[in-house]
Number of protein chains: 2
Amino acid sequence: MTITGKNLIAGEWSGESENGFSAIDAKTNEVLKETFADATTEEIERAVVRANQAFISYSQLSAIKRATFLRTIGEQIIALGDDLVTMACAETGLPEMRIQGERGRTVGQLGLFANLLENGEYQGVFDQADENRQPLPKPDTRLGYLPLGVVGVFAASNFPLAFSTAGGDTASALAAGCPVVMKAHAAHPGTAELVAQAISKAIELCDIDAGVFSLIQGKNYAISSQIVTHPLVKAVGFTGSERVGMILQKQINERAEPIPFYGELGSVNPQFIMAGKLTEDASGIAQNLVASLMMGQGQFCTSPGVWAYVEDENTAEFESSATEAISQTQAGVMLTPAIAATYTSAVEHWQTLSGVELLAQGQSGVEHFGRAALFATDLSTFKTTPALHEEVFGSCALIVRLKNLAEMCEFISLLKGNLTASIHATDSDLDNSRSIATLIAHKVGRLIYNQMPTGVEVCASMNHGGPFPASTDLRTTSVGSEAIKRFQRPICYQNMPNELLPKLLCS
Amino acid sequence: MTITGKNLIAGEWSGESENGFSAIDAKTNEVLKETFADATTEEIERAVVRANQAFISYSQLSAIKRATFLRTIGEQIIALGDDLVTMACAETGLPEMRIQGERGRTVGQLGLFANLLENGEYQGVFDQADENRQPLPKPDTRLGYLPLGVVGVFAASNFPLAFSTAGGDTASALAAGCPVVMKAHAAHPGTAELVAQAISKAIELCDIDAGVFSLIQGKNYAISSQIVTHPLVKAVGFTGSERVGMILQKQINERAEPIPFYGELGSVNPQFIMAGKLTEDASGIAQNLVASLMMGQGQFCTSPGVWAYVEDENTAEFESSATEAISQTQAGVMLTPAIAATYTSAVEHWQTLSGVELLAQGQSGVEHFGRAALFATDLSTFKTTPALHEEVFGSCALIVRLKNLAEMCEFISLLKGNLTASIHATDSDLDNSRSIATLIAHKVGRLIYNQMPTGVEVCASMNHGGPFPASTDLRTTSVGSEAIKRFQRPICYQNMPNELLPKLLCS
């Protein structure tokens, strides 16, 4: 495949990439050969205006045709073959098997929404007319859903396929009937272009208005601002850091018209290890937590960053097992040199904190690799040390040693919102687990029992979101069938004849 | 009933009303005898903290017990008897029959949510475990819902019962499992206190933590700010003007943690009268529109404020009928002298606008009464005159005379968001109605065919919301069963034993 280095604006490749930016080979830290054009103000304006022009016709497309379009995108992604895998591996440093798996998930997500559309999309709610009702007749009312309009999507660094160009946000927005203006992540612009080529081919094959998808490349912050503040943009999806997410939120807040902002920003995913579990297998649970932490070099949004338990006769064994497991881990390539530097400096900062003990570090590697770290602290230090409440993006975990269940409850009250939490327990812990579950449920989007938080099922009952900062909108999920609802809104049709009703609402 | 003039803070009547504010008799413009205490900073803090303390226990209450609580509130409101009607009529100027009807609707709304809870509240979505799935086993996942936490509710001036103290926002928040801190409207504090007394009795009778409901009185703007920016407040409901709503939205935007803001702010509810309808009965449709406009002296949020048609041989008859009907209307008492003054000055301002013709005014009355007004303009004036795009709260309507269907489509593109629109048409208009319906659907929360917009059914398929400024969150409705979803959010339970699952999700 040829990489043009250009922006895809409503079907046309646009821009001059000669003096543009390049991605970096995550493994070697060398600049990759392809250059990419920062999108111009005019190109972004054109992308949004063309998306809006395509909106009405695309929103009127039958569910079956939208489903075919989604499946065709998936087929065209597969047709990119090994070139896509090679490019994504180079730009992100993620291993080949992981990228292949993520490609499967990405195509699977497109298929999930295609199924949803083919199976009827949503159930209309009908309330029949009643001419004889007193004191006034009851009109016929039917509840349906409309797409919101043009959606701005921002790609994530840590999932170059499943949360990027044709990832969950794009798939659910297109499924809902919304055109997408996609801002590629500057760390993997080549991967983004390849996937955009696949989408572009699918648009041609399905004879859809090319305005329905544009790809915006760039390292320039003004690009993001132009997208999220554009009056024709009606919703924004974002997965990334709390810092960048809150910059976007602030810009969105300044709009004349409020719009939904779906930002997935950060999560420490607390793990509660109960007394019975420690008695049963302190060493096994410690090793499993380390294995979960090391997945993707700790760069999963559901990585278990904080482990809490009440100290007892088994916690020494837990800590020594965890220490040993961490010590044996190899340093690993991180997504970008910048992410590696931020990670290393956060770990160094934690080492300076009073009341925080460094229990173990993984083996060291080259400078731009990440090295695992395990810390421990107590409740009073956790309470008074704001740095410990922030996500450290990478393979760093913090043990919080608690004196009793009351301290565990207080610890929960101090936590910010999270995507997930796990309770690791046995039947003997049931009463305590219930107390903890009741409290921690209000701090998470997904509550897990005796399983690790890493790995997110793409299915109807999934919720990938949660109280802030896990999500800027805790009423929504970015993974699973319910994600489509982020880009739809209700409309009531009153006394409408079948000729004017959407097909799903006809009697 | 005795009016204390105090704030109800978690079951205790608090504050000194001696130097407080009073409401005004809307009809006579005289100050009513009761005085009310502006809530203090400390009282508001106590209300929110106590609400939050009550949250976990209240959210754990069974659906059946919450349903009983809602029904008991309804019974206690009825038990207030004529005192409530007398007080509400004096404070709002609304006629007795209207207040009796609104009381019925308020009790009905509480019953609707009680039914919803008794019938199972929501359907959990289950995805079964599959141990044998490759490459990884599928965990058991179940999607449920949790209440958000403490909800701040602001009462509306125009519905002293149905959108106020125990109105739709309060009923749906309490149904969802959220404690409510209610800010009474300063125009009807006595009505608010009586309803708060009813809620307080219901809390006692049902043995519920008194923190679950507080009533905050006050005319001081700092009160609203303190409620919406409080870190323990997790959602806000508001019905009122765009001006005040956007002040609240701005304060909410400055919070560290974003929260949902459900503001219903304004709507002109455009009416499209198609050629066939004008041929069939130009005079009848004109008279029906005037009747709809005059309901509640034009102070319904769904009042038909803009009427659009393509000029033809029948529009003269329409305009002369409408002119005659408006001219015969009596001046009427408005909700408050301030609302009447704002209305009168808006009508006076429209009279100064170039390209805007005053077709008719209703008969004049005393100074603080509202007098109906009917204006007409063309597309180019509408396009260039921002004042015509704003809601005039009261019995004022604007005819937009269009040259052809293309102009009607352009007119739609200029409209802001609305709660409703109606298409008045016959079978002969079907093709044109379809074009208009497709476009106007994206500007409204409810699309009506051959019925007037005033009157909102309280049922499962209702949507009372819409694109901004109709609502600050177009994904939600403030009327009907779906309103409960504003105060809930999804949570996925993964691999949880029945002992730790909410009852609705157990297998």
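Residues numbered from 1 in each chain as written. Chains lettered and ligands numbered in written order. Predicted model: local features only at pLDDT ≥ 70, side-chain atom pairs only at ≥ 80, totals over all residues.

## Some thoughts on the overall build of chain A
Move 1: Across its full length, chain A holds 14 helices and 19 strands.
Move 2: A compact globule built from 507 residues would reach a C-alpha radius of gyration of about 23 Å, and chain A, at 24 Å, matches this within 12%.
Move 3: If you line up chain A on its principal axes, its C-alpha atoms span 75 × 70 × 40 Å.
Move 4: With 507 residues in all, chain A has 60% of them scored as buried.
Move 5: In chain A, the share of contacts with a sequence separation of at least 24, taken over all contacts with a separation of at least 6, comes to 76%. (Helix = DSSP H or I, 4+ residues; strand = E, 2+ residues; numbered from the N terminus. Rg over C-alpha atoms; globule rule 2.2 N^0.38 Å. Buried ≥ 20, exposed ≤ 12 C-beta atoms within 10 Å, placed from the backbone. Contact = placed C-beta atoms within 7 Å.)

## Structural notes on the relation of the copies chain A and chain B
Move 1: With an RMSD of 0.0 Å, the operation that places chain A on chain B is a rotation of 180 degrees combined with a shift of 0.0 Å along the axis. Taken together, the turn and the small shift mark the pair as related by a two-fold rotation axis. No C-alpha of chain A approaches the rotation axis more nearly than that of A:Asn253, which lies at 3.1 Å.
Move 2: With an isologous cut-off of 70% or more, the 100% of interface residues of chain A that recur at the interface of chain B puts this contact in the isologous class. (Least-squares fit on C-alpha atoms with pLDDT ≥ 70 in both.)

## Overview of the sheet that holds strand S3 (residues 125-127) of chain B
Move 1: Strands sit in the order S13(A)-S15(A)-S16(A)-S11(A)-S10(A)-S17(A)-S18(A)-S19(B)-S4(B)-S3(B) across an open sheet of 10 strands; the sheet is mixed. The strands lining the two open edges of the sheet, one partner per strand, are strand S13 (357-361) of chain A together with S3 of chain B. Each adjacent strand pair in this sheet contributes to an overall mean axis angle of 20 degrees, direction not counted.
Move 2: Relative to strand S19 (residues 488-494) of chain B, strand S18 (residues 444-449) of chain A runs parallel, the two being bridged by 3 bridges. Looking across to S19(B), one finds that A:Leu447 is bridged to B:Tyr493.
Move 3: Against the sheet, helix H14 (residues 430-440) of chain A makes contact with strand S10 (271-273), strand S17 (418-424) and S18 of chain A, and its axis sits at roughly 180 degrees relative to S17(A), the strand it touches most. (Pairing = 2+ DSSP bridges. Axes fitted to C-alpha atoms, helices over the stretch in contact; angles between N-to-C directions.)

## Points about the sheet that holds strand S11 (residues 306-310) of chain B
Move 1: One open sheet holds the 10 strands; their spatial order is S3(A)-S4(A)-S19(A)-S18(B)-S17(B)-S10(B)-S11(B)-S16(B)-S15(B)-S13(B), and the pairing between them is mixed. In this open sheet, the two strands that pair with only one neighbour each are strand S3 (125-127) of chain A together with strand S13 (357-361) of chain B. Averaged over neighbouring strand pairs, the angle between their axes works out to 20 degrees when direction is ignored.

## Concerning the pairing of strand S19 (residues 488-494) of chain A
All names here are of chain A.
Move 1: Buried residues dominate S19, accounting for 7 of its 7 residues.
Move 2: Across the two faces of S19 the burial is the same, with Gln488, Pro490, Cys492 and Gln494 and Arg489, Ile491 and Tyr493 all buried.
Move 3: Relative to S19, strand S4 (residues 141-147) runs antiparallel, the two being bridged by 7 bridges. Residue pairing across strands places Pro147 opposite Gln488, the latter belonging to S19.

## Some thoughts on the interface of chain A and chain B
The extent of an interface is frequently quoted as the accessible surface area lost upon association of the parts.
Move 1: Contact with chain A, which involves 55 residues of that partner, is made by 55 residues of chain B.
Move 2: The set of elements that each furnish at least two residues to the side of chain A that touches chain B consists of helix H1 (41-60), S3, S4, helix H8 (242-253), H14, S18 and S19 of chain A.
Move 3: Here the side of chain A that touches chain B gets 6 residues from one element, more than from any other, and that element is S19(A).

## Comments concerning the packing of helix H4 (residues 96-118) of chain B against helix H5 (residues 168-176) of chain B
All names here are of chain B.
Move 1: With their axes 9 Å apart at the nearest point, H4 and H5 run at an angle of 20 degrees to one another. As far as their axial angle goes, H5 and H4 are roughly parallel. In the packing of H4 onto H5, the handedness of the crossing is right-handed. Across the interface between the two elements, Gln109, Leu110, Phe113, Leu116 and Leu117 of H4 pack against Gly168, Ala171, Ser172 and Ala175 of H5.
Move 2: Across the contact of H4 with H5, the residue classes break down as 6 nonpolar, 3 polar and no charged. (Parallel < 35°, antiparallel > 145°, perpendicular 65-115°, else oblique. Left-handed = near helix turned anticlockwise from the far one by under 90°. Nonpolar A, V, L, I, M, F, W, Y, C, P; charged D, E, K, R; others polar.)

## Here we look at helix H4 (residues 96-118) of chain A
Move 1: In a regular helix each residue adds 1.5 Å, so 23 residues correspond to 33 Å; H4(A) covers 33 Å between its end C-alpha atoms and thus fits that length.
Move 2: Once H4(A) finishes, A:Gly120 follows within two positions and takes phi at roughly 115 degrees, a positive value. (Expected span 1.5 Å × (residues − 1).)

## As for the packing of helix H9 (residues 275-294) of chain B against helix H10 (residues 315-327) of chain B
All names here are of chain B.
Move 1: Contact pair H9 / H10: the axes reach a minimum separation of 8 Å and the direction vectors enclose 20 degrees. Relative to H10, the element H9 lies roughly parallel. H10 is crossed by H9, and the crossing has right-handed handedness. Between H9 and H10, the contacting residues are Leu278, Ala282, Ser283, Ile285, Ala286, Gln287, Leu289 and Val290 on the first element and Thr315, Glu317, Phe318, Ser321, Ala322, Ala325 and Ile326 on the second.
Move 2: Looking at side-chain class alone, the contact of H9 with H10 contains 10 nonpolar, 4 polar and 1 charged residues.

## With respect to unusual backbone geometry
With glycine set apart, most residues show a phi of negative sign, and most peptide bonds adopt trans.
Move 1: For the bond from A:Gln134 to A:Pro135, the omega torsion is 0 degrees, close enough to zero to count as cis.
Move 2: The topology assignment puts A:Pro135 in the loop between S3 and S4.
Move 3: The phi torsion at B:Asp207 lies on the positive side, around 55 degrees, for a residue other than glycine.
Move 4: Mapped onto the fold, B:Asp207 is located in the loop between helix H6 (189-205) and strand S7 (213-216).
Move 5: Take B:Asp207: there are 8 C-beta atoms within 10 Å of it, and that puts it in the exposed class.
Move 6: In this model, B:Asn495 sits at a positive phi of 60 degrees, which is unusual for a non-glycine residue.
Move 7: Looking at the secondary structure, you find B:Asn495 in the segment after S19.

## Considering the confidence of the model for chain A
Low-pLDDT portions of the prediction should not be read for the details of their coordinates.
Move 1: Chain-level statistics for chain A give a pLDDT mean of 96 and a share of 100% at 70 or above.
Move 2: Across the whole predicted complex the pTM is 0.97, and at the interface the ipTM reaches 0.97. (pLDDT = per-residue confidence, 0-100.)

## What to know about H1(A)
Along an α-helix, residues three or four apart share an orientation, since each turn contains 3.6 residues.
Move 1: Compared with the 28 Å implied by 1.5 Å per residue over 20 residues, the 30 Å span of H1(A) between its first and last C-alpha is a close match.
Move 2: Looking only at H1(A), the buried set comprises A:Glu43, A:Ile44, A:Ala47, A:Val48, A:Arg50, A:Ala51, A:Ala54, A:Phe55 and A:Tyr58.

## Looking at the pairing of strand S9 (residues 261-264) of chain A
Move 1: Here S9(A) shows no split at all, with A:Phe261 and A:Gly263 on one side and A:Tyr262 and A:Glu264 on the other all buried.
Move 2: Regarding topology, H8(A) serves as the crossover connection from strand S8 (residues 233-239) of chain A to the parallel S9(A), and that connection is right-handed. (Right-handed = clockwise from strand over helix to strand, strands pointing away.)

## Some thoughts on the environment of B:Arg489
Move 1: Counting through the fold element by element, B:Arg489 comes out in strand S19.
Move 2: You can call B:Arg489 buried: it has 27 C-beta atoms within 10 Å.
Move 3: C-alpha of B:Arg489 to C-alpha of B:Ile423: the two residues are 66 residues apart in sequence and 35 Å apart in space.
Move 4: Those residues in contact with B:Arg489 that lie beyond four places of it in its chain are A:Leu474, A:Arg475, B:Tyr145, B:Leu146 and B:Leu148.

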